[in-house]
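What follows is the residue order along each chain.
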Amino acid sequence: MLNNFGFDPSLFHDDDGRKYMVSMVTDHRIPKKYAGRIILQEYDADQQRVIGPVKEVYVGDKIFLEGPHIYKRNGWYYLFSTDTGTGELHGQTIQRSRDIWGPYEMYRDAFMYRTSDSEAYSILITRHHPDYPIQKAGHASLVETKEGEVYAVHLCGRPLKNRNPSDCVRFPGSRRYTLGRETAIQKMRWTTEDWLILDNGTNLPDAEMEIEGLTPWKFAVKPDKDDFDSASLDVEYQSLRVPMTEYHLSLTERPGWLRLYGREGLASKFHQSLIARRWTEFEFTAETCMEFEPEVFKQMAGLICMYDTDNYLYLHCSHDENLGKCISILRAENKQYSYPVGYRSVECGKKLYFRVAVDHDRMQFYYAVGTDADYTKIGEVFDCSYLSDEACDEGWFTGAMVGICCQDLTGFGKYADFDYFEYGVNGSGFREGL
């Protein structure tokens, strides 16, 4: 461990060979005594630890800064920091000094409109433009091309129109972001006074831009459909907190299929057999084909759209004492649970096909029983906007996920076999029924 003052540490390599660690300091006290501080300490590469005194290079009485980086140009040390939190007030500031230890001067210009003394002078913000398609712009890093052009890569988010209720516990009235944190790129330029600004001459980032003079990198086209023919899972999939092992799944027990062994329930923060991928578009379809023969109601498997262990919509197969094999939808919103469609009996021994279509804040589930069957809608068109940053009591930044899972609350590990998982922007049946 290098230090534990706060978070967002960054290494700076000076041109004299010395190295420094810059990070921010949090004030955990109640009430807080200051908004935020940035500290600097030298780093010894041979000892692999920080050495010497810790010095505060920014002390914020009202303006909160974090995510610091240091850059050097024309004899100036630039302290590049994000300001005013990570929500819709998010921005990016720049300060400079002739000495790495400061004092640092914050860049101010006429285009940097502020509404209060607690608001930073930002070179990149969206907080004064609530209707702009990009929000939460900040936490930027810089790169310079071999031609000398400068670009900033920064965090941002694209909001839905949906908002939290006014009596919401965590963020009342806040907009919702089902895609979570995203990344954008902006072209920058240096002024004649050696300050860095957006190339467009304002502090409002471009929603779209063309980058000229750079050779595009062509990634291999990945098919929408994963048939589970590989010996390992695609890197697109994520699991909850821990990697999936043979305790959770197998790609070899039934070649061409993914076998998920039922483990703990969806509220568990320990052993869940679940793989999912992020929503990367506002409009998409996802589907899977599954063979599963549950014996008791504590055994479930299916297709899930989720934000975290407290928030999801889960189309699944289970077993009912009266109906036998059946399907249902389990809805969870901040630990409030419901089965909005009840239970539908389905025939044993046949493949189940599950599909979900998402259009911004709306979601429709479908199912089919048997290879040649047509898809049938199940349930209403759900408002899925609550699978979102700001809407969930514990969630932050990740955005919503879609995937497949299997539970067996008996502890016997009843498994489900999945033939494929498909995620596509132009999947068949997307608009149908929405």
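Anything mentioned here points back to the structure above.
Trainee: How do you make sense of the overall build of the protein chain when you look at a structure like this?
Mentor: Of the regular secondary structure elements, the protein chain holds 0 helices and 28 strands. With respect to the principal axes defined by its C-alpha atoms, the protein chain has extents near 75 × 50 × 50 Å. Scored against the burial criterion, the 434 residues of the protein chain give a buried share of 51%. Considering only intrachain contacts with a sequence separation of at least 6, the fraction spanning at least 24 residues in the protein chain is 58%. Accessible area of the protein chain: about 21100 Å², with a carbon and sulfur share of 50%. A distance of 3 Å separates the average location of the 49 positive side-chain charges in the protein chain from that of its 67 negative side-chain charges.

Trainee: Is there a simple way to think about the side chain of E390 in this case?
Mentor: For E390, the location among the structural elements is in the loop between strand 26 (376-383) and strand 27 (401-408). In terms of polar contacts, E390 uses its side chain to reach the side chain of K136, at 2.8 Å. With residues up to four places along the chain from it excluded, the contact list for E390 reads K136, N164, F171, S174, R175, Y177 and W396.

Trainee: Is there a simple way to explain the sheet that holds strand 1 (residues 10-13) in this structure?
Mentor: Sheets are built from strands paired through backbone hydrogen bonds, the pairs being either parallel or antiparallel. Judged by pairing direction, the sheet is antiparallel, and its 4 strands sit side by side in the order 1-2-3-4 without closing on themselves. Two strands in the sheet have a free side with no partner beyond their single neighbour: strand 1 and strand 4 (49-60). Across the sheet, the axes of successive neighbouring strands diverge by a mean angle of 25°, strand direction being ignored. Bridging between strand 2 (residues 19-25) and strand 3 (residues 36-44) involves 7 bridges; their strand directions are antiparallel. Looking across to strand 3, one finds that S23 is bridged to I39.

Trainee: So what exactly am I meant to see when it comes to the pairing of strand 18 (residues 283-291) here?
Mentor: Along a regular strand, successive side chains alternate from one face of the sheet to the other. Counting buried residues in strand 18 gives 7 out of 9 residues, a clear majority hidden from the surface. Relative to strand 24 (residues 352-359), strand 18 runs antiparallel, the two sharing 8 bridges. Note on strand 24: the bridge partner recorded for T288 is F354.

Trainee: Can you help me understand the environment of L198 in this one?
Mentor: Relative to the helices and strands, L198 is located in strand 13 (residues 196-198). For L198, a relative accessible area of 0% gives the class buried. In the structure, L198 is positioned 181 residues away from G17 in sequence and 30 Å away in space, judged by C-alpha atoms. Non-local contacts of L198, meaning those with residues more than four positions away in its chain, are made with I123, L124, Q186, K187, M188, R189, N203, L204 and P205.

Trainee: Where do I start with the sheet that holds strand 10 (residues 135-144) in this structure?
Mentor: If you walk across this open sheet you meet the 4 strands as 10-11-12-13, and the pairing is antiparallel. Pairing within the sheet leaves two strands with one partner each, and these edge strands are strand 10 and strand 13. Along the sheet, successive strands turn relative to each other by an average axial angle of 40°, direction set aside. Two elements, strand 10 and strand 11 (residues 150-157), share 6 bridges in a ladder whose sense is antiparallel. Within the sheet, the bridge partner assigned to Q135 lies in strand 11 and is G157.

Trainee: What exactly am I supposed to notice about the side chain of D320 here?
Mentor: If you trace the backbone, D320 turns up in strand 20 (residues 311-320). Lacking a salt bridge, the buried D320 has K298 as its closest oppositely charged neighbour, with an N-O distance of 13 Å. A polar side-chain atom of D320 sits 2.9 Å from the main-chain amide nitrogen of N322. Here L323 takes part through its backbone nitrogen, which lies 2.9 Å from a polar atom of the side chain of D320.

Rules used throughout
- Residues numbered from 1 in each chain as written.
- Predicted model: local features only at pLDDT ≥ 70, side-chain atom pairs only at ≥ 80, totals over all residues.
- Heavy atoms only, no water.
- Helix = DSSP H or I, 4+ residues; strand = E, 2+ residues; numbered from the N terminus.
- Buried < 20%, exposed > 50% of the residue type's maximum accessible area, 1.4 Å probe, protein only.
- Contact = heavy atoms within 4.5 Å.
- Areas by Shrake-Rupley, 256 points an atom, 1.4 Å probe, with all protein chains shown as cover.
- Lys, Arg positive; Asp, Glu negative; His and termini not counted.
- Charge placed at Lys NZ, Arg CZ, Asp CG, Glu CD.
- Polar contact = N/O pair within 3.5 Å; in protein donor to acceptor, adjacent residues only side chain to side chain.
- Pairing = 2+ DSSP bridges.
- Axes fitted to C-alpha atoms, helices over the stretch in contact; angles between N-to-C directions.
- Salt bridge = Lys/Arg side-chain N within 4 Å of Asp/Glu carboxyl O.

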